[in-house]
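These are the residues of each chain, in order.
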Amino acid sequence: MARPRIDGLTWTFLAADGGARALDAYSTQRMLKNSCSSGVQMAGTSTCNYEQNLPGFIANHASRIYAFEGAVWLSEFTATRFLVRHHHQRLARFVPLMDFLATTSFAVNNLTLSIGGSGSVAGADAQAHFGVHR
């Protein structure tokens, strides 16, 4: 008797989840460019970005955060494959779908945070320094 295989919809969810995890790693690295130690700060406003969920030894190194995200995706793939092989196809689809939805919200949040440079925080810092008001 042949074992059940992962169907196309489940593979789509797994691929979307993998993309969301890669985007989360990229957005976290991008967001951390404006940490408190960068020296770029706006007067009267905290613009320091920091990782809330991962420890610093993972979040502060690009290779470690990508390895972490890959390991999480691989564990979800393993769980999905296990569920499919035990005839739980609907539950198997649920695992990557829920993680995709949760991870995407964190990635989008990180992408919307200010990282300084090209106008946003650095421009405000220069305006405060030279007394330019709008």
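Residues numbered from 1 in each chain as written. Predicted model: local features only at pLDDT ≥ 70, side-chain atom pairs only at ≥ 80, totals over all residues. Heavy atoms only, no water.

A. A look at the overall build of the protein chain. Regarding its fold elements, the protein chain presents five helices and zero strands. In the protein chain, the order of α-helices and β-strands from amino to carboxyl end is α-α-α-α-α. Counting across all 134 residues of the protein chain, residues that qualify as buried make up 28%. (Helix = DSSP H or I, 4+ residues; strand = E, 2+ residues; numbered from the N terminus. Buried < 20%, exposed > 50% of the residue type's maximum accessible area, 1.4 Å probe, protein only.)

B. How the structure looks around a positive patch on the surface. Taken together, the side chains of Arg3, Arg5, Arg81 and Arg85 define a basic patch exposed on the protein surface. With respect to the helices and strands, Arg81 occurs in helix H3 (residues 62-85). (Patch = residues over 30% accessible without salt bridge, like charges linked within 9 Å, V, L, I, M, F, W, Y side chains within 5 Å. Areas by Shrake-Rupley, 256 points an atom, 1.4 Å probe, with all protein chains shown as cover. Salt bridge = Lys/Arg side-chain N within 4 Å of Asp/Glu carboxyl O. Lys, Arg positive; Asp, Glu negative; His and termini not counted. Charge placed at Lys NZ, Arg CZ, Asp CG, Glu CD.)

C. Local environment of helix H4 (residues 89-112). The end-to-end C-alpha distance of H4 is 35 Å, a good match for the 34 Å that 24 residues give at a rise of 1.5 Å each. Three or more residues of H4 are buried, namely Ala92, Pro96, Asp99, Thr103, Ala107 and Asn110. On the buried face of H4, the contacting elements are helix H1 (8-31) and H3. (Expected span 1.5 Å × (residues − 1). Contact = heavy atoms within 4.5 Å.)

D. Quick look at the confidence of the model for the protein chain. Averaged over every residue, the pLDDT of the protein chain is 80; the share at 70 or more is 73%. In this model residues 118-134 is a low-confidence stretch, pLDDT under 50, and it forms 17 contacts with partners more than four residues away in sequence or in other chains. (pLDDT = per-residue confidence, 0-100.)

E. Expanded view of H1. With 24 residues, H1 should reach 34 Å at 1.5 Å per residue; the first-to-last C-alpha distance of 34 Å fits that figure. Thr10, Phe13, Leu14, Asp17, Ala20, Arg21, Asp24, Ala25, Ser27, Thr28 and Met31 are the residues of H1 that are buried. Looking at the buried residues of H1, the elements they touch are H3 and H4.

F. Looking closely at unusual backbone geometry. You will see that His87, though not glycine, has its phi angle at about 65°, which is positive. You can see His87 is positioned in the loop between H3 and H4. Owing to a relative accessible area of 54%, His87 belongs among the exposed residues under this scheme.

G. Structural context of the side chain of Thr103. The residue Thr103 is located in helix H4 in this model. A relative accessible area of 4% places Thr103 in the buried class. Among the polar contacts made by the side chain of Thr103, one reaches the main-chain carbonyl oxygen of Asp99 at a distance of 2.8 Å. Among residues more than four places away in sequence, those in contact with Thr103 are Asp17, Ala20, Arg21 and Asp24. (Polar contact = N/O pair within 3.5 Å; in protein donor to acceptor, adjacent residues only side chain to side chain.)

H. Region of interest: the environment of Glu69. Among the secondary structure elements, Glu69 is positioned in helix H3. Of the residues examined, Glu69 reaches a relative accessible area of 4% and is grouped as buried. Taking the C-alpha atoms as reference points, Glu69 and Arg21, 48 residues apart in sequence, are found 5.8 Å from one another. Side chain to side chain, Glu69 and Arg21 meet in a polar contact 2.4 Å long.

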